[in-house]
Amino acid sequence: IDLHRDTSAARSLHDLRFLLKDQVDLIKIIIPRSARLEVNNKGGPLPAYIEENGFRQTILNLCINARDAISRGGKVRVRLRRVRRGDSMFLRP
């Protein structure tokens, strides 16, 4: 989105856990009642220098995509975790 803006949005330091926690109520509205929502944002602080509204919109878009992809009775899982250089980006089941 930043590519199409004349100026980039202001970025600041945020703890991603708190931003996700604020989005959970909205995510629950878009996920069907027949589906389960699993949110895992436990652990230590996850500071990131980001544009807050862009992060919120990204989380919402990913959850909408997940909602559209799951079958009835499926599960949408949102996890935050720290990834260090060299760590695997893929989660094990």
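As a reminder, the structure under discussion sits directly above these lines.
Cut-offs applied
Residues numbered from 1 in each chain as written. Predicted model: local features only at pLDDT ≥ 70, side-chain atom pairs only at ≥ 80, totals over all residues. Heavy atoms only, no water. Helix = DSSP H or I, 4+ residues; strand = E, 2+ residues; numbered from the N terminus. Contact = heavy atoms within 4.5 Å. Areas by Shrake-Rupley, 256 points an atom, 1.4 Å probe, with all protein chains shown as cover. 1 Å grid on protein atoms, 1.4 Å probe; cavity = no way out; pocket = protein on both sides within 12 Å on 5 of 7 lines; lining within 4 Å. Points joined across faces, edges and corners; volume = space filled by probe spheres on them. Nonpolar A, V, L, I, M, F, W, Y, C, P; charged D, E, K, R; others polar. Polar contact = N/O pair within 3.5 Å; in protein donor to acceptor, adjacent residues only side chain to side chain. Salt bridge = Lys/Arg side-chain N within 4 Å of Asp/Glu carboxyl O. Patch = residues over 30% accessible without salt bridge, like charges linked within 9 Å, V, L, I, M, F, W, Y side chains within 5 Å. Buried < 20%, exposed > 50% of the residue type's maximum accessible area, 1.4 Å probe, protein only.

(A) Representation of the overall build of the chain within the structure. Across its full length, the chain holds two helices and four strands. Traced from its N-terminal end to its C-terminal end, the chain shows the element sequence β-α-β-β-α-β. Long-range contacts, defined here as pairs at least 24 residues apart, represent 79% of the contacts in the chain between residues at least 6 apart. Counting only carbon and sulfur atoms, one obtains 51% of the accessible surface of the chain, whose full area is about 7300 Å².

(B) View of the layout of surface pockets. The computed volume of the largest pocket comes to approximately 220 Å³. Taken together, Ile59, Leu62, Cys63, Ala66, Ile70, Lys75, Val76, Arg77, Val78, Arg79 and Leu80 form the lining of the largest pocket. Counting only elements with at least two residues in the lining of the largest pocket, the list comes to helix 2 (52-69) and strand 4 (75-79). Top contributing element to the lining of the largest pocket by residue count: strand 4, with five residues. Of the residues assigned to the lining of the largest pocket, the class counts are eight nonpolar, no polar and three charged.

(C) Up close: the side chain of arginine 17. By the element assignment, arginine 17 lies in helix 1 (residues 16-30). Polar side-chain contacts of arginine 17 include one of 2.7 Å to the side chain of aspartate 15. Excluding its chain neighbours within four sequence positions, the residues that come into contact with arginine 17 are Asn41, Gly43, Gly44, Pro45, Leu46 and Leu80.

(D) The pattern of salt bridges, seen in detail. Summed over the entire model, instances satisfying the criterion amount to seven salt bridges. Residues aspartate 15 and arginine 17 are paired through a salt bridge, measuring 2.7 Å at the closest nitrogen-oxygen approach.

(E) Just a nonpolar patch on the surface, in detail. Together, Val83, Met89 and Phe90 give the surface a local cluster of nonpolar side chains, amounting to about 370 Å² of exposed area. Along the chain, the position of valine 83 falls in the segment after strand 4. With a relative accessible area of 35%, valine 83 lands in the partly exposed category.

(F) Up close: the side chain of arginine 56. Secondary-structure assignment places arginine 56 in helix 2. Polar contacts involving the side chain of arginine 56 include one to the side chain of glutamate 52, which spans 2.9 Å. Those residues within four positions of arginine 56 in sequence are excluded, and the remaining contacts are Leu19, Asp22 and Gln23.

(G) Up close: the environment of arginine 82. Of note, arginine 82 is situated in the segment after strand 4. The class for arginine 82 is partly exposed, based on a relative accessible area of 42%. Setting aside chain neighbours within four positions, we find arginine 82 in contact with Pro45, Leu46, Pro47 and Asp87. At 2.6 Å, the side chain of arginine 82 forms a polar contact with the backbone oxygen of proline 45.

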